[in-house]
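Each chain, letter by letter, is given below.
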Amino acid sequence: AKSDGRNTWRFYDEEIDKANIDKFNLLQQIRLALKEQQFQLYYQPKVNLTTGAITGAEALVRWPQLDGSVISPLEFIPLCEESGLIVELGHWVLQEACRACQRWQQLGYGGITVAVNLSSVQFRDGALEQSVQQALKDAGLPAAALELELTESLLIGEALNIQQQLDQLSSLGLTFAIDDFGTGYSNLGYLRRFNATTLKIDKSFISSLCMSKRDEPLVQAIVQLAKSLGLNTVAEGVEDAQTLQKLQQMGCDEAQGYFWSPPLPEADFLRFLPSV
Ligand code: C2E
Ligand code: CA
Ligand code: CA
Ligand code: CA
């Protein structure tokens, strides 16, 4: 039994070593990818459910590979956060997204906004406000065209002086959206403290809206709560007309999802916009 135990331990050690080596290699590749500008931003249109107009786009990072495949952020963002590389990647995302939105405005899409996802690690770094300010300035983009998406866990997290940083960012003139709403904490007090303008209802509630009877009152309640707090609602992950119709009936303001379009490279996103 003892030797069995020892073999088991050895087996685990090797597994851990291998996992660490894989992680290390991936991290090296990510560093190189950053240096060589291999990352690319995709843009997913956000639609006004009353008018059908495209109000903006969410920027989502992609890692294209030489063989034509594309690595999802779910596969490298966690490692970037763990290693701190997200600060550098996040700065690049801000720069790139602001420049893209400025190009759209130049083309005549004046009201269009761009939304950028932020990680709590960027708040811990201490230079976030500077990074955002720099990105806006370099791009020549009005701050009002930039929306920052923050998750609930980030907002209630332990990051130091998060309130102060949010206030500083807010005073630049940009707006905040609370991302993945409904998956985090039930304490809604923070909704008032952080002056967000938008609630994004997590796609886990939206995708099952037409299947699960239980999600319908939940989504309705979120929309009403948002309304009573004066917040804009955005549903993520809308994939079919039936779900869209339900959301319209509920009074949800905006949505994004495969029903309209997946996230697209900038050139394709521009083709998706109505001509001006
Ligand atoms: P998220 O912010 O919740 O982004 C929404 C995700 O839902 C995106 O996945 C998007 O492609 C996907 N999606 C959009 N429409 C639909 C739909 O109709 N159905 C379904 N099933 N999914 C849909 P993606 O692009 O793989 O991004 C995954 C996550 O990675 C994001 O979740 C976000 O948390 C993170 N992420 C992406 N880009 C960045 C970034 O630049 N910075 C940071 N910190 N995180 C990022
Ligand atoms: Ca998001
Ligand atoms: Ca989300
Ligand atoms: Ca999410």
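Look a little higher up for the structure.
In this text the structure is predicted, and so the values were computed from the model without any measurement. (Residues numbered from 1 in each chain as written. Chains lettered and ligands numbered in written order. Predicted model: local features only at pLDDT ≥ 70, side-chain atom pairs only at ≥ 80, totals over all residues. Heavy atoms only, no water.)

### Here's the deal with the coordination of the calcium ion (ligand 4)
Moving on, step 1. Every protein donor of the calcium ion (ligand 4) is listed here as D180 (OD) and D180 (OD), and their distances to the metal cover 2.8 to 2.9 Å.
Moving on, step 2. Its place among the elements puts D180 in strand β6 (residues 175-181). (Donors = N, O, S within 2.8 Å, 3.2 Å for Na, K, Ca; no water. Helix = DSSP H or I, 4+ residues; strand = E, 2+ residues; numbered from the N terminus.)

### A word on the packing of aromatic side chains
Moving on, step 1. Under the defined criterion, the tally for this structure stands at 7 aromatic pairs.
Moving on, step 2. On the numbers, 5.3 Å between centres and 40° between planes, the contact of F39 with F76 is tilted. Placement of F39 in the loop between α1 (2-35) and β1 (40-48) and of F76 in helix α2 (residues 73-83) is noted, with a sequence separation of 37 residues between them.
Moving on, step 3. A relative accessible area of 5% places F39 in the buried class.
Moving on, step 4. By relative accessible area, which is 0% here, F76 ends up buried.
Moving on, step 5. Note on W63 and F76: the rings are 5.8 Å apart at their centroids and 85° apart in plane angle, and the pair reads as edge-to-face. (Phe/Tyr/Trp six-rings, centres within 6.5 Å; stacked < 30°, edge-to-face > 60°. Buried < 20%, exposed > 50% of the residue type's maximum accessible area, 1.4 Å probe, protein only.)

### Observations regarding the environment of A57
Moving on, step 1. Note that A57 resides in strand β2 (residues 54-64).
Moving on, step 2. Put simply, A57 and C101 are 44 residues apart on the chain and 8.9 Å apart in space, counted from C-alpha to C-alpha.
Moving on, step 3. Not counting chain neighbours up to four residues away, the residues in contact with A57 comprise Y43, Q44, P45, W104, T113, V114, A115 and F269. (Contact = heavy atoms within 4.5 Å.)

Read these as geometric descriptors, not functional statements.
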